[in-house]
Amino acid sequence: IGVLSIALKSTSVKGGTSTTATITLEAVAAPADITVTFISSNTDAVPTPVSIVIKAGQQTATVTIATNKVTSKKTVTISAVANNVTQNANLTVTP
């Protein structure tokens, strides 16, 4: 079971603030928990959490995505990966 989608509450935020991401799996996590790992294309602007665990029997989870202050506008790709299935979302970070 992999990641079906990653949906950002806000797709553009001011550096130093945060948004949330809702991760949806392709199906309910079963028979055990599923770990979702995050990758940021620019860890200076968006230091993503390393991973979250979606408990068995659940299909979605929400995670906070923090940002750092930037001197110029940055568009960062955030990838969510589970069982070699990856979905991406773009987050714009502004000064």
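For the structure itself, look to the data block above.
This section reports on the structure supplied with the text. (Residues numbered from 1 in each chain as written. Predicted model: local features only at pLDDT ≥ 70, side-chain atom pairs only at ≥ 80, totals over all residues. Heavy atoms only, no water.)

### Some thoughts on the pattern of salt bridges
Argument step 1. Applying the stated criterion across every chain yields a total of one salt bridge.
Argument step 2. Taking the shortest distance from any N to any O, the salt bridge between K55 and D33 comes out at 3.7 Å. One end of the pair, K55, is in the loop between β5 (51–54) and β6 (60–66); the other, D33, is in the loop between β3 (18–25) and β4 (34–40), with 22 residues separating them in the sequence. (Salt bridge = Lys/Arg side-chain N within 4 Å of Asp/Glu carboxyl O. Helix = DSSP H or I, 4+ residues; strand = E, 2+ residues; numbered from the N terminus.)

### Structural notes on the pairing of β3
Argument step 1. Here strand β1 (residues 3–8) runs beside β3; their pairing, made up of five bridges, is antiparallel. Bridge assignment links L8 to a residue of β3, and that residue is A21. (Pairing = 2+ DSSP bridges.)

### Quick notes on the sheet that holds β1
Strand pairing in a sheet is mediated by backbone hydrogen bonds. Such pairs are either parallel or antiparallel.
Argument step 1. Taken together, three strands build an open sheet; the order of strands is β1-β3-β6 and the sheet is antiparallel. Only two strands of the sheet have a single neighbouring strand rather than two, namely β1 and β6. The average undirected angle you get between the axes of adjacent strands in this sheet is 25°. (Axes fitted to C-alpha atoms, helices over the stretch in contact; angles between N-to-C directions.)

### Considering the side chain of T67
Argument step 1. Along the chain, T67 turns up in the loop between β6 and β7 (74–82).
Argument step 2. Engagement of the side chain of T67 in a polar contact is seen with the backbone nitrogen of G16, the distance being 3.1 Å.
Argument step 3. Of note is the side chain of T67, whose polar atom sits 2.6 Å from the backbone oxygen of T17.
Argument step 4. Among residues more than four places away in sequence, those in contact with T67 are V13, K14, G15, G16, T17, A45, V46, P47, L91 and V93. (Polar contact = N/O pair within 3.5 Å; in protein donor to acceptor, adjacent residues only side chain to side chain. Contact = heavy atoms within 4.5 Å.)

### Things to note about the pairing of β4
Argument step 1. Only one face of β4 is covered, namely the one carrying I34, V36, F38 and S40; the face carrying T35, T37 and I39 has none of its residues buried.
Argument step 2. Of the pairings in the sheet, the one linking β4 to β5 comprises four bridges and is antiparallel in character. Bridge assignment links T35 to a residue of β5, and that residue is V53.
Argument step 3. In this sheet, β7 lies alongside β4 in antiparallel orientation, the contact comprising four bridges. The residue bridging S40 from the neighbouring strand is I78, located in β7. (Buried < 20%, exposed > 50% of the residue type's maximum accessible area, 1.4 Å probe, protein only.)

### Section: the environment of N42
Argument step 1. Counting through the fold element by element, N42 comes out in the loop between β4 and β5.
Argument step 2. The exposure class of N42 is partly exposed, given its relative accessible area of 22%.
Argument step 3. Each C-alpha atom, one on N42 and one on K74, is 8.5 Å from the other, the two residues being 32 residues apart in sequence.
Argument step 4. In this view, N42 contacts K74 and V76; residues no more than four positions away in its chain are not counted.
Argument step 5. For N42, the side chain forms a polar contact with the main-chain nitrogen of D44, separated by 3.1 Å.

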